[in-house]
Amino acid sequence: MLSFGLCIAALVTIFVSYWVHRWRNPRCNGVLPPGSMGLPLLGETLHLLIPGRSLDMHPFLKKRIQRYGTIFRTSLAGRPVVVSADAEFNHNIFLQEGRSVELWYLDTFSKLFNQDGESRTNGVGSVHRFVRSIVLNHFGPERLKEKMLSQIEEMVDKTLHNWSSQSAIEVKHAVSTMVFDFTAKYMFSYDPEKSSEKVGENMGVLLKGLMSFPLNIPGTEFHKCMKAQKKVMSLIKEKMKEKRSSPEAYQGDLLDQAIKEMETETFLTEDFVIPFIFGALFASFESISSALTLAFGLLSEHPLVVEELMAENNAILKSRGENVDSPFTWDEYRSMSFTPQVVNEILRLSNVAPGLLRRSLKEIHANGYTIPAGWTIMLATSAQQLDPNTFKDPLVFNPWRWKELDANVISKNYMPFGGGMRQCAGAEYSKAFMAAFLHVVVTKYRWTKIKGGDISRTPFLDFGKGMHIKVSAKA
Ligand code: HEM
């Protein structure tokens, strides 16, 4: 009996050792990038979840890039991953979209953005064309030129006026609500004044939930996140019902166009349109609000930048002569040089996410390494944007650096909106939104930081207990 027991123990030990060995040395028809697969099953996931406490790139990336170079292997969320901060490699991966690689996000993303799997987050062909064109149609340059830019200006002024009547505001929360309300208005004619629940005020839980363990039971971050998601989804669903039952509810928003196209496009079902609008809304308000919150922190510490911003934006008001209160126009926006550099610098430093994810559809050979088919590839654009070889003193907030940077260097190393055929469809809107926001802030208001503003990377950009400021109107 004892020898039988010993035999079983020996077999289990052999099996476990073999399994651990296989885990650490995944099969590959070539040389894998250097790195470690971490512990069986867990991989190195926990290392990524330990927050970094500064604006610098997440320590997970920094330590491994120092140790292994710009391309390394790891394992995250149970998947083998190759992380790359190599500009040429990443540029080529963007060009390989749909051929050697496809868009792929973690399981929590799939759960948040669609209910039954991954198929919709990586929509290809006509689905992808629909997503791009509908977002560009409602948030692209043409819309901005028509009147959207001046509507952003008007809304920002109203919001800041409201903030100035309060003893203090928490920036991330206040800006998120502002961006949510405005963007949701263009997406499905959401009106917070008429809504029984101000959903925009409760969206902070979404990002936290994304990086949490997907355990949907009361009390967990993931549960709160899914609850908030449900609320927004049912709001969109209600709007859809209203619009479909009464043609008077047609207001020319993004949802109206989607409903119209549902008549002819078979993939456009209610189950597709609602999560898609939710996803686009989330992408927009979370990233713009994080970038603008960081902007307040950075500008508070850099009065010379504020001075130059004021000079450029006040010159615009002056150039209007007697019509000083006329709306902010597309031509005025395009005439600016320093303000867009400030926007670029904020986006370079904010790096809301550590990188973009893809999955290899076939074996990929690059830099002497082989990436097996089915592996996840993380394009660590955040590390590229903080690379001292491209951006001297990368952690210094220096908008003037953009005067000297070469366009070719920028195109391969600065990718806040991704690249290739999946480049952000809301990029123009986001940059114009941020510029219009800065325009209103520096010409009409001043602010003082009261408390908070601690930054961490969780690995998403996070403001901990928030940044509290007092806003006042200029005399
Ligand atoms: C500062 C603000 C924003 C940042 C930093 C940002 C960043 C990004 C990035 C990096 C991607 C590419 C993802 C990938 O390749 O895996 C992307 C895609 C996308 N973004 Fe944004 N985004 C922002 C705002 C917006 C806004 C406001 C909208 C909508 C109004 C939007 C809609 C989209 C859409 C639809 C895609 C998918 C494009 C495609 O697959 O062709 N984004 N965004």
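Every chain's residues receive numbers from 1 upward, in the order its sequence appears when written. Note on the predicted model: pLDDT of at least 70 is required for a residue's local features to be given, and 80 or more for side-chain atom pairs to be given and counted; whole-chain, interface and lining totals, by contrast, use all residues. Hydrogens are left out, water is left out, and the side-chain values use all remaining heavy atoms of the structure.

1. Some remarks on the UniProt feature "binding site: heme" (unreviewed entry) in the protein
Next up, step 1: UniProt positions are given in the numbering used here, feature names are shortened, and annotations may be inferred rather than shown by experiment. Under the feature "binding site: heme" (unreviewed entry), the UniProt entry names C424.
Next up, step 2: Going along the chain from the N terminus, every DSSP run of H or I of four or more residues is numbered as a helix, and every run of E of two or more is numbered as a strand. Among the structural elements, C424 can be located in the loop between α17 (407-413) and α18 (427-444).
Next up, step 3: The class for C424 is partly exposed, based on a relative accessible area of 32%. Exposed residues in this analysis have more than 50% of their type's maximum accessible area, buried residues have under 20%, and partly exposed residues fall in between, with area computed by a 1.4 Å probe over protein chains only.

2. Some words on the packing of helix α8 (residues 171-188) against α18
Axis angle and axis distance: for two packed helices, these are the angle between their axes and the distance between the axes, and together they describe the pair.
Next up, step 1: Look at α8 against α18: their axes get within 13 Å of each other, and the N-to-C directions meet at 125°. The orientation of α8 with respect to α18, classified from their angle, is oblique. Every pair of crossing elements has a handedness; the one defined by α8 and α18 is right-handed. Between α8 and α18, the residues in contact are M178, V179, F182 and T183 and Y429, F433 and F437, respectively. Fitted lines through C-alpha atoms serve as axes, helices being fitted only where they are in contact, and the angles separating the N-to-C directions of these axes extend from 0 to 180 degrees. Here the word oblique covers every angle except those under 35 degrees (roughly parallel), over 145 (roughly antiparallel) and from 65 to 115 (roughly perpendicular). We call a crossing left-handed when the near helix sits turned anticlockwise from the far one by less than a right angle, and right-handed when that turn is clockwise. Contacts were defined at the residue level, with two residues in contact if any of their heavy atoms lie within 4.5 Å.

3. Thoughts on the packing of aromatic side chains
Within a pair of aromatic rings, the relevant descriptors are the distance that separates the centres and the angle that separates the planes.
Next up, step 1: Aromatic rings from Phe, Tyr and Trp, with only the six-membered ring used for Trp, were paired whenever their centres fell within 6.5 Å, and each pair was classed as stacked if the ring planes differed by under 30 degrees, edge-to-face if by over 60, and tilted otherwise. For the structure shown, the criterion picks out 23 aromatic pairs.
Next up, step 2: Centroid distance F267 to F272: 5.6 Å. Interplanar angle 85°. Geometry classified as edge-to-face.
Next up, step 3: Note on F272: relative accessible area 6%, which makes it buried.
Next up, step 4: Aromatic pair W402 and Y414: ring centres 4.6 Å apart, planes at 65°, arrangement edge-to-face. Here Y414 lies in the loop between α17 and α18 and W402 lies in the loop between α16 (381-384) and α17, a separation of 12 residues in the sequence. Summarising the burial analysis for this pair, W402 and Y414 share the class buried.
Next up, step 5: Taken together, the aromatic side chains of F139, F182, Y186, Y429 and F433 make up a single cluster linked through ring pairs.
Next up, step 6: Directly above the ring of F391 sits R348, whose terminal nitrogen or CZ lies 5.0 Å from the centroid. Both a distance and an angle decide whether a charge sits over a ring: NZ of Lys or CZ of Arg must be within 6 Å of the ring centre and within 35 degrees of the ring normal.

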